[in-house]
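Coordinates in review
Letter by letter, the chains look like this.
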Amino acid sequence: MKAEQIASIAHLARLSMDEAEIPRYQESLTSILSFVGDLERAQTEGVSPMAHPLPGLVQRLRPDVATESDAHERYQANAPQVAASLYLVPKVIE
Amino acid sequence: MSLHTLSLAQLGAGLRAGEFSSVELTRTLLARIEAHQPQLNALISVTGPTAMQAAAVADGVLANGGGGALTGIPMVHKDIFCTDGVRTTCASRMLDNFVAPYDATVVAKLKAEGMVMLGKANMDEFAMGSSNETSYFGPVRNPWNPQLVPGGSSGGSAAVVAARLVPFATATDTGGSIRQPAALCGITGFKPTYGRVSRYGMIAFASSLDQAGTLTASAADAALVLRAMAGFDPRDSTSVDRPVPDYVAGLEQPLAGLKIGLLKEFFEKGLDPANERCVREALAVYEKLGAQLVEVSVPNLALSVPAYYVVAPAECSSNLARFDGVRFGHRAKEPKDLLDLYKRSRGEGFGPEVKRRIMTGTYVLSAGYYDAFYIKAQKVRRLIANEFDQAFAQVDVVMGPTTPTVAFALGAKTADPVTMYLNDIYTIGANLAGLPAMSLPCGFVQDLPVGLQIIGPHFAEERLLSAAHAYQRETDWHTRVPRGYE
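1. Quick notes on the overall build of chain A
- A count of helical and extended segments in chain A gives 3 helices and 2 strands.
- Along its sequence from the N terminus, chain A presents helices and strands in the succession α-α-α-β-β.
- The C-alpha radius of gyration computed for chain A amounts to 22 Å, which surpasses the reference 12 Å derived for 94 residues by more than 25%, pointing to a less compact arrangement than a globule.
- Judged by the C-alpha coordinates and their principal axes, chain A covers about 55 × 50 × 25 Å.
- Here chain A holds 94 residues, and 14% of them are scored as buried.

And the structure:
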């Protein structure tokens, strides 16, 4: 992994990272990716990818009806900044 | 009477018979927590006042002849479970000030049974770690030796039970996070089949692997609490709609004729010979009880760790995208713009191991690498699951070590993440295949506990618990308490 790759992944993952931190992740991600590179040697022709660990079960869907009551005040008590029941963020549109 | 060493069944019977009250029991255990927390750092929050109120309510119910098997018994929740009105941090700076606005299903169910929560257990940050050293609140110490790790990620839950501060703590297991700390702390850890216990309100790490379970002294104790925790939950889309057997009634199933598979790959290089000796002695006990030992194989087991370290980080990078500094969690000061808000809030809120996994996940899901890493890992996952299926066509359960070694020193494996990841070599397979698995104490190496792992086919919880119970009737390893905590 090159330093630029680390910076680019950090950007995609929306993680701030200063120059001094990069070598640390460069080293460990290189080591992790080389380790998981072992997967290459597995014979997987004709094997279908497995996303759910229980055979025959798929994600269940529920009817699209509202089941929760409005508790926004309770939820917004954890928000960093709220005004008039709205979450505040820095100006997005100039 | 030493209330802190009683089993859950004994505590329940004593409470119902009025031999002691929940208030007395709660006060006793809170005092033990106060005495030992400075040494162990096993809890992030202690909820003394609300615990005393809940205990008084339980006593009222019991006095009127009400209540069930668990009413009035104190316990601790891993700080990954949302607890209504109580700070829930997931051991992260990101959620340092988060007060959960609702109860996780597991929390609600145990509350409805009348259990009394004494606090929230320390853990690896977002359950990412095998030594409890990634916690924002500092490492947990192993009650058997404070220089050693308790294992992770449910290290705090394991330490409070091993030190007999509570008889039961909830835990979660994504790659071994219940079984590995159970082994390193000398207690019984149970991870049910994927989907058996609701994940609703359990902060997500890797949703196709995460499963809630128990840390207790014995398998009989695990059966009692698992019976209350398991069951269908419409709020968890992966919860399995299937009746819950009475795990307690199932404990006494006869063991004779049980076919035990010895997984060849569990006994190959990497396993400490002293640990192997303990595990083999435990297997000899099973043979004496009438079980039959058969060698089986999961040829691709060595690839379980690499497959896991693609699948789990991929799911983690997606799950942890919700932490954006807007609706809850840490927010960076004076953001320039929205991007700066996201990046710095996440950069400051997450610790190094969490960032490493988010970045690994982001990489393996990115264009150009998705097929080579993510799809390939999902295929290897299928191979391993199929190999376990084939093994269970020949045997009833599989047994082997839980960990390659006993507990290691704090700091010993933090330099290289891969060294730490390899510690989960024996536990990850069960998560990839969604199988129920447990660890129980089976001896000591240099005064440190060793774990025996039992893995079963899907929904064989009863079989595992009764097999463990049969062993625990023959041996007393699970009753050993670390020095200073008797």
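2. Topic: the overall build of chain B
- Each helix and strand in chain B was counted, giving 15 helices and 11 strands.
- For 486 residues, the compact-globule formula gives about 23 Å, and the C-alpha radius of gyration of chain B, at 21 Å, lands near that figure.
- Principal-axis analysis of the C-alpha atoms gives chain B an extent of 65 × 55 × 45 Å.
- Counting the 486 residues in chain B, one finds 63% classified as buried.
- For chain B, the proportion of contacts with a sequence separation of at least 24, taken over those separated by at least 6, is 76%.

3. Things to note about the interface of chain A and chain B
- Taken together, the contact between chain A and chain B spans 39 residues of the former and 55 residues of the latter.
- With 7 residues, the top contributor of residues to the side of chain A that touches chain B is helix H2 (residues 22-36) of chain A.

4. Points about the nonpolar core
- Core analysis: the biggest nonpolar cluster contains 169 residues, and Met-75 and Val-160 of chain B have the highest contact counts within it.
- Not counting the four nearest positions on each side in its chain, Met-75 of chain B is found in contact with Leu-110, Met-115, Val-116, Met-117, Leu-118, Val-166, Phe-168 and Ala-169 of chain B.

5. Considerations on the environment of Leu-110 of chain B
All names here are of chain B.
- With respect to the element layout, Leu-110 can be found in helix H4 (residues 105-112).
- Using a count of 24 C-beta atoms within 10 Å as the deciding quantity, one classes Leu-110 as buried.
- Separated by 119 residues in the primary sequence, Leu-110 and Met-229 have C-alpha atoms spaced 6.9 Å apart.
- In contact with Leu-110, not counting residues within four places along its chain, are Met-75, Met-115, Ala-228 and Met-229.

6. Regarding unusual backbone geometry
- Here the bond from Gly-152 of chain B into Ser-153 of chain B is cis, since omega is 5 degrees, no more than 30 degrees from zero.
- As for its placement among the helices and strands, Ser-153 of chain B is situated in the loop between strand S3 (116-121) and helix H5 (155-162).
- Phi at Arg-14 of chain A is positive, roughly 55 degrees, even though this residue is not glycine.
- With respect to the secondary-structure elements, Arg-14 of chain A resides in the loop between helix H1 (3-12) and H2.
- For Phe-126 of chain B, which is not glycine, the phi torsion reads 50 degrees and is therefore positive.
- With respect to the helices and strands, the residue Phe-126 of chain B is situated in the loop between S3 and H5.

7. Some thoughts on H4 of chain B
- Along H4 of chain B, the residues classified as buried are Thr-105, Val-106, Val-107 and Leu-110 of chain B.
- Here the buried face of H4 of chain B lies against strand S2 (74-78), strand S4 (168-173), strand S6 (211-216) and helix H7 (219-229) of chain B.

8. Re helix H10 (residues 338-349) of chain B
- For H10 of chain B, spanning 12 residues, the distance from its first C-alpha to its last is 16 Å, which sits close to the expected 16 Å at 1.5 Å a residue.
- Taken together, the buried positions of H10 of chain B are occupied by Leu-341, Tyr-342, Lys-343, Arg-344, Ser-345, Arg-346 and Gly-349 of chain B.

9. A short note on the pairing of strand S10 (residues 437-445) of chain B
Residue and element names in this part refer to chain B.
- Within S10, 7 of the 9 residues are buried, which leaves the element mostly enclosed by the surrounding structure.
- Sheet topology places strand S5 (residues 188-191) next to S10; 3 bridges connect them, and they run antiparallel. Its bridge partner lying in S10, Gly-189 is registered against Ser-439.
- Both S10 and strand S11 (residues 448-455) contribute to a ladder of 7 bridges, which runs antiparallel. Across the sheet, residue Pro-441 finds its bridge partner in S11, namely Gly-451.

10. Points about the pairing of S5 of chain B
All names here are of chain B.
- Side chains Thr-188 and Phe-190 of S5 all project onto a buried face; the interleaved residues Gly-189 and Lys-191 project onto the opposite face, where all are buried too.
- Pairing analysis gives 3 bridges linking S5 to S6, with the strands arranged antiparallel. Considered in S6, the bridge of Gly-189 is made with Leu-215.

11. Thoughts on the environment of Ala-163 of chain B
Residues and elements named next belong to chain B.
- On the secondary structure map, Ala-163 appears in the loop between H5 and S4.
- Looking at Ala-163, the number of C-beta atoms within 10 Å reads 28, which means it is buried.
- Residues Ala-163 and Ala-42, 121 residues apart in the sequence, show an inter-C-alpha distance of 10.0 Å.
- Setting aside residues no more than four positions away along its own chain, Ala-163 makes contact with His-36, Leu-40, Pro-143, Pro-482 and Tyr-485.

12. Some thoughts on the confidence of the model for chain B
- With 100% of its residues at a pLDDT of at least 70, chain B reaches an overall mean of 97.
- In the predicted assembly, ipTM is 0.96 and pTM is 0.97.

13. Considerations on the environment of Val-406 of chain B
- Note on placement: Val-406 of chain B falls in the loop between strand S9 (397-401) and helix H13 (417-421).
- Ignoring anything within four residues of it in the chain, the contact list for Val-406 of chain B reads Leu-184, Asn-275, Val-445, Leu-448, Pro-449 and Val-450 of chain B.

Calculation rules
- Residues numbered from 1 in each chain as written.
- Chains lettered and ligands numbered in written order.
- Predicted model: local features only at pLDDT ≥ 70, side-chain atom pairs only at ≥ 80, totals over all residues.
- Helix = DSSP H or I, 4+ residues; strand = E, 2+ residues; numbered from the N terminus.
- Rg over C-alpha atoms; globule rule 2.2 N^0.38 Å.
- Buried ≥ 20, exposed ≤ 12 C-beta atoms within 10 Å, placed from the backbone.
- Contact = placed C-beta atoms within 7 Å.
- Core = buried A, V, L, I, M, F, W, Y, C linked by C-beta atoms within 7 Å.
- Expected span 1.5 Å × (residues − 1).
- Pairing = 2+ DSSP bridges.
- pLDDT = per-residue confidence, 0-100.

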